[in-house]
Amino acid sequence: MAALTDLTIAEAGAGLASGEFTARELTDAYLSAMEGARDLNAYIAETPEQARSMADASDARRAKGAAAGPLDGIPLAIKDLFCTEGVLSSAGSHILEGFAPPYESTVTQQLWDAGAVMLGKVNMDEFAMGSANVTSHYGPTLNPWKAASGDAAGRDLVPGGSSGGSASAVAARIAAGATGTDTGGSIRQPGAFCGIVGMKPTYGRCSRWGIIAFASSLDQAGPLTHTVQDAALMLGAMAGFDPKDSTSVDLPVPDYTAAMTGDIRGLRVGVPAEYRMDGTPAEIETLWQTGIDRLRDAGAEIVDISLPHTKYALPAYYIVAPAEASSNLARYDGVRYGLRVEGENLIDTYERTRAEGFGDEVQRRVMIGTYVLSAGYYDAYYLKAQRVRTRIADDFRAAWDSCDVILTPTTPSAAFAIGEKMDDPIAMYLNDIFTVPASMAGLPAISVPAGLSGDGLPLGLHLIAPAFGEETLFRAAGVLEDADGFDARP
Amino acid sequence: MALDTDTVRRIARLARIHVDDADLAPLADELNNILGWIEQLEEVDTDGVEPMTSAVEMVQRLRADAVNDGDLQEAVLSNAPEPNDGFYTVPKVVE
Amino acid sequence: MSDATDTSQDAVPGHLAGHITSRVGHNSGDLIEGETGPWEVIIGLEVHAQVVSESKLFSGASTEFGGEPNSHVSLVDAAMPGMLPVLNIEAVRQAVRTGLGLEAAINLRSVFDRKNYFYPDLPQGYQISQFSDPIVGEGRVTVDLEDRESFEVGIVRIHLEQDAGKSVHDRLPDRTYIDLNRSGVALMEIVSKPDIRSGAEAAAYLAKLRSILRYLGTCDGNMQEGSMRADVNVSVRRPGDKLGTRCEIKNVNSIRFVRQAVDYEARRQIEILEEGGAIDQETRLFDADRGETRSMRSKEEAHDYRYFPDPDLLPVELDQAFVDEIKASLPELPDAKAARFAAEFGLGEYDAGLLVAERETAEFYEAVVDADGAGRDPKTAANWITGDFFRRLNADDLEIADSPVSAEQLGGLIDLIADGTISGKIAKDVFDEMFDNGKDAGDIVEQKGLKQISDSGEIAAIVDQIIADNPDQADEYRSGNTKVAGWFTGQVMKATQGKANPQMVNQLLQEKLGG
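Every value quoted in this text rests on a predicted model; they were computed, and no experiment measured them.

What to know about the overall build of chain A
Argument step 1. Counting its regular elements, chain A contains 15 helices and 11 strands.
Argument step 2. By the compact-globule yardstick of 23 Å for 490 residues, chain A fits well, its C-alpha radius of gyration being 21 Å.
Argument step 3. Its C-alpha atoms give chain A principal-axis dimensions of roughly 65 × 55 × 50 Å.
Argument step 4. In chain A, which comprises 490 residues, the share counted as buried stands at 68%.
Argument step 5. Intrachain contacts of chain A at a sequence separation of at least 6 include 77% that bridge at least 24 residues.
Argument step 6. Surface summary for chain A: the accessible area is close to 13900 Å², and the carbon and sulfur share equals 48%.

Things to note about the overall build of chain C
Argument step 1. Helix and strand counts for chain C come out as 15 helices and 17 strands.
Argument step 2. Overall, the C-alpha framework of chain C stretches about 95 × 55 × 50 Å when taken along its three principal axes.
Argument step 3. Of all 515 residues assigned to chain C, the portion counted as buried reaches 57%.
Argument step 4. Within chain C, residue pairs in contact and separated by at least 24 positions form 71% of the contacts whose partners lie at least 6 positions apart.
Argument step 5. With the model as given, the accessible surface of chain C reaches about 21200 Å², and the carbon-plus-sulfur share is 47%.
Argument step 6. Averaging the locations of the 53 positively and 90 negatively charged side chains of chain C gives two centres separated by 3 Å.

Some details on the domain arrangement of chain C
Quoted interface sizes are often the accessible area lost when the parts come together.
Argument step 1. Domain assignment breaks chain C into domain 1 (17–301), domain 2 (332–448) and domain 3 (456–514).
Argument step 2. Inter-centroid distance (C-alpha atoms) of domain 1 of chain C to domain 3 of chain C is 63 Å.

Looking at the interface of chain A and chain B
Argument step 1. With 69 residues of chain A in contact, the opposing surface of chain B contributes 52 residues.
Argument step 2. Carbon and sulfur atoms supply 67% of the area that chain A and chain B bury against each other, a total of about 5300 Å² over both sides.
Argument step 3. It is E351, M367 and Y371 of chain A in chain A that bury the most area against chain B; as a group they hold 13% of the surface buried on that side.
Argument step 4. At the boundary of chain A with chain B, the tally comes to 5 salt bridges.
Argument step 5. Where chain A packs against chain B, one counts 22 residue pairs in polar contact (both at pLDDT 80 or more).

Some points on helix α9 (residues 310–328) of chain A
Argument step 1. Its 19 residues place the ends of α9 of chain A 27 Å apart at the C-alpha level, agreeing with the 27 Å of an ideal helix rising 1.5 Å per residue.
Argument step 2. The element α9 of chain A is extensively covered by neighbouring structure, given that 18 of its 19 residues are classed as buried.

Quick notes on the side chain of T496 of chain C
Argument step 1. One can find T496 of chain C in the loop between α14 (485–495) and α15 (502–514).
Argument step 2. With residues near it in sequence (within four places) discarded, T496 of chain C still touches I453 and I462 of chain C.

A look at the domain arrangement of chain A
Residue and element names in this part refer to chain A.
Argument step 1. Taken domain by domain, chain A consists of domain 1 (8–261) and domain 2 (310–386).
Argument step 2. Contacts between the two partners involve 19 residues from domain 1 and, on the opposite side, 20 residues from domain 2.
Argument step 3. The junction of domain 1 with domain 2 conceals about 1600 Å² of combined surface from both sides, 66% of it contributed by carbon and sulfur atoms.
Argument step 4. Taken as a group, I95, M129 and F214 account for 39% of the area that domain 1 buries against domain 2, more than any other trio of residues on that side.
Argument step 5. In this assembly, domain 1 and domain 2 are joined by 0 salt bridges.
Argument step 6. A per-class count over the side of domain 1 that touches domain 2 returns 10 nonpolar, 8 polar and 1 charged.

What about the packing of aromatic side chains?
Argument step 1. Counted by the stated rule, this structure contains 33 aromatic pairs over all chains.
Argument step 2. Judged by centre distance (6.0 Å) and plane angle (65°), the rings of Y332 of chain A and Y337 of chain A are edge-to-face. The same class applies to Y332 of chain A as to Y337 of chain A, namely buried.
Argument step 3. Taking the centre distance of 5.6 Å and the plane angle of 75° together, the rings of Y382 of chain A and F308 of chain C count as edge-to-face. Of this pair, Y382 of chain A sits in helix α12 (residues 379–399) while F308 of chain C sits in strand β16 (residues 308–309), which puts the two residues in different chains.
Argument step 4. Overall, the relative accessible area of 3% leaves Y382 of chain A in the buried class.
Argument step 5. Note on F308 of chain C: relative accessible area 0%, which makes it buried.
Argument step 6. Ring-pair connections join several aromatic residues into one group, and the members of that group are F99, F127, Y332, Y337 and F358 of chain A.
Argument step 7. Over the ring of W209 of chain A we find K244 of chain A; its NZ or CZ atom is 3.6 Å from the centre of that ring.
Argument step 8. We note K428 of chain C situated over the ring of W384 of chain C; from NZ or CZ to the ring centre the distance is 5.7 Å.

Some remarks on the sheet that holds β16 of chain C
Argument step 1. Sheet architecture is open: 3 strands sit in the order β6-β5-β16 (chain C), paired in antiparallel fashion. Each edge of the open sheet carries a strand with a single partner, namely β6 (126–129) and β16 of chain C.

Digging into the environment of E46 of chain A
Argument step 1. Following the sequence through the fold, E46 of chain A ends up in strand β1 (residues 43–46).
Argument step 2. Within the local environment of E46 of chain A, its side chain forms a polar contact with the side chain of R38 of chain A, the two groups lying 2.8 Å apart.

Description of the layout of surface pockets
All names here are of chain C.
Argument step 1. One number sums up the size of the second largest pocket: a volume of about 1700 Å³.
Argument step 2. Considering the residues around the second largest pocket, the lining is formed by 43 residues, among which A207, G353, L354, A357 and E358 are closest to the centre.
Argument step 3. Elements with a contribution of two residues or more to the lining of the second largest pocket: α2 (199–216), α5 (334–345), α6 (349–356), α7 (359–370) and α8 (378–395).
Argument step 4. Per-element accounting of the lining of the second largest pocket gives the leading share, 6 residues, to α2.

Overview of the pairing of strand β7 (residues 139–143) of chain C
Residues and elements named next belong to chain C.
Argument step 1. Residue alternation in β7 divides its side chains into a buried set, G139, V141 and V143, and an unburied set, R140 and T142.
Argument step 2. Note: β7 against strand β8 (residues 151–162), 5 bridges, orientation antiparallel. The residue bridging G139 from the neighbouring strand is I155, located in β8.

Quick notes on the packing of α9 of chain A against α12 of chain A
All names here are of chain A.
Argument step 1. Contact geometry of α9 with α12 gives a least axis separation of 9 Å together with a crossing angle of 135°. Our classification of the angle between α9 and α12 gives oblique. Seen from above, α9 lies across α12 with left-handed handedness. Taking contact as the criterion, the partners of T310, Y312, A313, A316, I319, V320, A323 and E324 in α9 are, on α12, Y381, Y382, A385, Q386, V388, R389, I392 and D395.
Argument step 2. Here the residues of the contact of α9 with α12 sort into 11 nonpolar, 2 polar and 3 charged.

Some words on empty space enclosed by the protein
Argument step 1. Per the stated rule, a full pass over the model turns up 7 cavities of 30 Å³ or more.
Argument step 2. Counted as a void, the largest cavity has a volume near 70 Å³.
Argument step 3. Taken together, I211, A213, N328, R331 and Y332 of chain A together with P81, G82, M83, L84, Y126 and D312 of chain C form the lining of the largest cavity.
Argument step 4. Grouping the amino acids of the lining of the largest cavity by side-chain chemistry returns 7 nonpolar, 2 polar and 2 charged.

Focus: the environment of K384 of chain A
Argument step 1. With respect to the secondary-structure elements, K384 of chain A resides in helix α12.
Argument step 2. With sequence-adjacent residues up to four places away left out, K384 of chain A is seen in contact with D379 of chain A together with L41, E42, V44 and T46 of chain B.

Describing the interface of chain C and chain A
Argument step 1. Each partner contributes residues to the interface: chain C has 31 residues there, and chain A has 40 residues.
Argument step 2. Between chain C and chain A, a total of about 2800 Å² is buried, with carbon and sulfur atoms accounting for 58% of that surface.
Argument step 3. The tally of links from chain C across to chain A stands at 2 salt bridges.
Argument step 4. One salt bridge in this structure joins E342 of chain A and R175 of chain C, with 2.6 Å as the shortest N-O distance.
Argument step 5. Put simply, chain C and chain A have 17 residue pairs in polar contact (both at pLDDT 80 or more) between them.
Argument step 6. Listed by contribution, the elements that provide at least two residues to the side of chain C that touches chain A are β5 (113–116) and β16 of chain C.

Quick notes on the rules
Residues numbered from 1 in each chain as written. Chains lettered and ligands numbered in written order. Predicted model: local features only at pLDDT ≥ 70, side-chain atom pairs only at ≥ 80, totals over all residues. Heavy atoms only, no water. Helix = DSSP H or I, 4+ residues; strand = E, 2+ residues; numbered from the N terminus. Rg over C-alpha atoms; globule rule 2.2 N^0.38 Å. Buried < 20%, exposed > 50% of the residue type's maximum accessible area, 1.4 Å probe, protein only. Contact = heavy atoms within 4.5 Å. Areas by Shrake-Rupley, 256 points an atom, 1.4 Å probe, with all protein chains shown as cover. Lys, Arg positive; Asp, Glu negative; His and termini not counted. Charge placed at Lys NZ, Arg CZ, Asp CG, Glu CD. Domains from an automatic or database assignment. Buried area = accessible area lost by both parts, 1.4 Å probe. Salt bridge = Lys/Arg side-chain N within 4 Å of Asp/Glu carboxyl O. Polar contact = N/O pair within 3.5 Å; in protein donor to acceptor, adjacent residues only side chain to side chain. Expected span 1.5 Å × (residues − 1). Nonpolar A, V, L, I, M, F, W, Y, C, P; charged D, E, K, R; others polar. Phe/Tyr/Trp six-rings, centres within 6.5 Å; stacked < 30°, edge-to-face > 60°. Lys NZ or Arg CZ within 6 Å of the ring centre and 35° of its normal. Pairing = 2+ DSSP bridges. 1 Å grid on protein atoms, 1.4 Å probe; cavity = no way out; pocket = protein on both sides within 12 Å on 5 of 7 lines; lining within 4 Å. Points joined across faces, edges and corners; volume = space filled by probe spheres on them. Axes fitted to C-alpha atoms, helices over the stretch in contact; angles between N-to-C directions. Parallel < 35°, antiparallel > 145°, perpendicular 65-115°, else oblique. Left-handed = near helix turned anticlockwise from the far one by under 90°.

Have a look at this one:
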């Protein structure tokens, strides 16, 4: 038998259901794997006692015939952005070091209600601001993949970000699945870099209550898993209406796995011309074409579409997200929780607390956000960006007249070495060029591992669906996954 | 709209982030680099386009007026750096 | 107190700002005569009124005043990471109700914005408020003054916003203590146009606004507890000139202080201008102990609130039916009630105004007049209430709800006068006794034998006796000095301990002295 940690969530669920192994055995297998993989720096807080007691509770439920469902007994890693009661929840930031909230986020609570087991909290870019997991107060997380050749060969690679700890943990098989959050690509990009599935649902599908806010109009929770089916299983538990979140949508949660029929005959797949950008490596273009061919071969109809404002999504994002962040992060003032650095007076205390508590990238974005909202600049920057955002959303709305899903690459490159792009914020930001448009429009999207780069690193393909089109997304992603047959391992 | 060091100082003050004087100029350069890149948005014709206010097409839900929360003094103070007598405390505010 | 409730008119978008007064002309009595000629005072008020609701604007914590520090605080009010606001329908309803009561336009679509600034009693680092799209637009308040024509004050807008917490500065010399109990309680900010021309007018406006809000039940108007407070914008100009530079006096928390603050501030500005100086636009505080305003000591930092729509909330969209339903449930408001009292009961404008200022007074009055269909004389009832009844309430520092004399009891007293059982003079003593011990008028009259003597034979005998005992005064009367009749009346009343029916006494005296 393969190691328990090699199983997908669906397979592990079947093994638990058939009594092949217990949740406790499964959890212990992960806890021991975690110990062996600490050099990845994926976990910033391991919670073995809690994990074992949750696993035991799962076994007890199952013994009584009262298993909660497909996630009962499944060990998960939780991004440090989710507030978990009594357990470190720091957003990867010094300013929240040691913060143990007296409450549990809605999404994690729903996972525990579904019987899932918490292995610990995983690393991330500070306040989810980053694409390489290098801005964490707890140091960078490593990608378990290594380049076989090229510039990055032999070097430690980034797992992507901001959900880098989540992606690394799943790829390294020290979690069966992980929660992530995606603001501009923070689930999908690390998913692609680590050769796993990363899924961002429609804005409003998962409650944001108890998730430390980065950019409120963009943040969405989603799963990182080995397979599309696992993502569908996890999202089924994570999603749902929450009256505590005014932006949560009151729609029933469908059975996403049931939507994965494997049949996409007649499905119209849009291929946007504007995603063919200058400077995109040939292997990315090739991978994209391969994906188009595979979907066509599976019976889909390929449609050329236009999303004219694609290139403006990223600069608009770098106004909207920092603006919201500058306000969302104002509460970290050293008064009620977290770090306080006493200064000469109150204002000095604020300024020193925030200068010491926030890392460079967070400070940079708070400064940009403060500036674009300030008197005299609001119209030129913030309002302009929100108008561009309307145009981006309108582009997608127009596209849905001629297609049902859109296929693009997830990232313009494979994972790069730690230390690269560090002195060039814009080069770092460009990682999200293909993922940000869907974020700006609030649309669901998924990255599916599709192949390896010339240097032997995973690459992802990206599907986008209309709002609340998660079922279509999973159906198409499942077919793409089967066609890709990606089975490479780090 | 290039930022000078005085503007950076003012923005840092508004954001309540301490920046050493020596760091103002390099920070201004960094921010100008990003803002310069952002300014490509000027190319987009947005005349008559409404700014997006939310990614979901919904209106605000209203909750019933019921007292069902609060009474959490211990919980809300549990992570406070310097709680005292049921209060948060901070260095003296000069009015 | 932080400036959590600060929305200077500067910060309000141009099309919403009330810089332009709609009031034409002025009452020349309001002009202030300076050394160099007359000055006109221009005043606008921003009133912060705490909304009457059970729970807070965006959380389910209680709005109850006081309590253990940080006990009426939810995770949302403490701005814990990841917490989100959800809007209270009652706050929306109350704002709409207030708007309708001030004859204002209701905006079916409104937006909540964040107003960003740091202050330790502002836990989120921003106040959720409404900036460019408030829930209520333009309206008006008609203000009455004694011996004056009423005037109208335009309302620019009403918006909903969160209150801040409380900073306590006096517990330790080097620390400020923060209590978030009030943090997140719903406030309405009611912004007037600069249509007010004197301290007296400002006080009358605030009193009228308070009265309307209390009628509507949207704010309890309790100024001691801070449920209502005003930022007062004052400037002066030569009559007909353009508006001068104004100063904003923050957080004035009584009607009397508003008047004092305006009067002081106007004189201060006039003195500066007449000496050739200029007014600095600034924020000032009113020092009630000294009766003066002074510049806030802390260095005013240039505020830049960076308003933007709160991405945690969505636009509020109301159905017209929601508004109509509230409109249908509005109570009769003071102006309408005063007009009805004038028409129905024949009361003068001033008396009617006094009786309707508080809803409870008006209800008390109507109960006295009409309790169980008694149909008492409305003017007598009005005189009693605005006279002795108010006198005793004031003297004993009581609210009408705590009055020891009920409307029915006061009605009973009036009945005893009307049917001649007691005289009006005796009634005043009876009333004081009723107020002291809560007894019915009839019981007091009975126990103390205060019943009026209306037996003409009995009174005639006394009159005869007194005339007989005082021949000099009787002669004086007969020789034409009829004023001496009053002295005889006094003697009769003295002899009867005031119980003789005064009409009868007068009639008999006339007959017998004249005869």
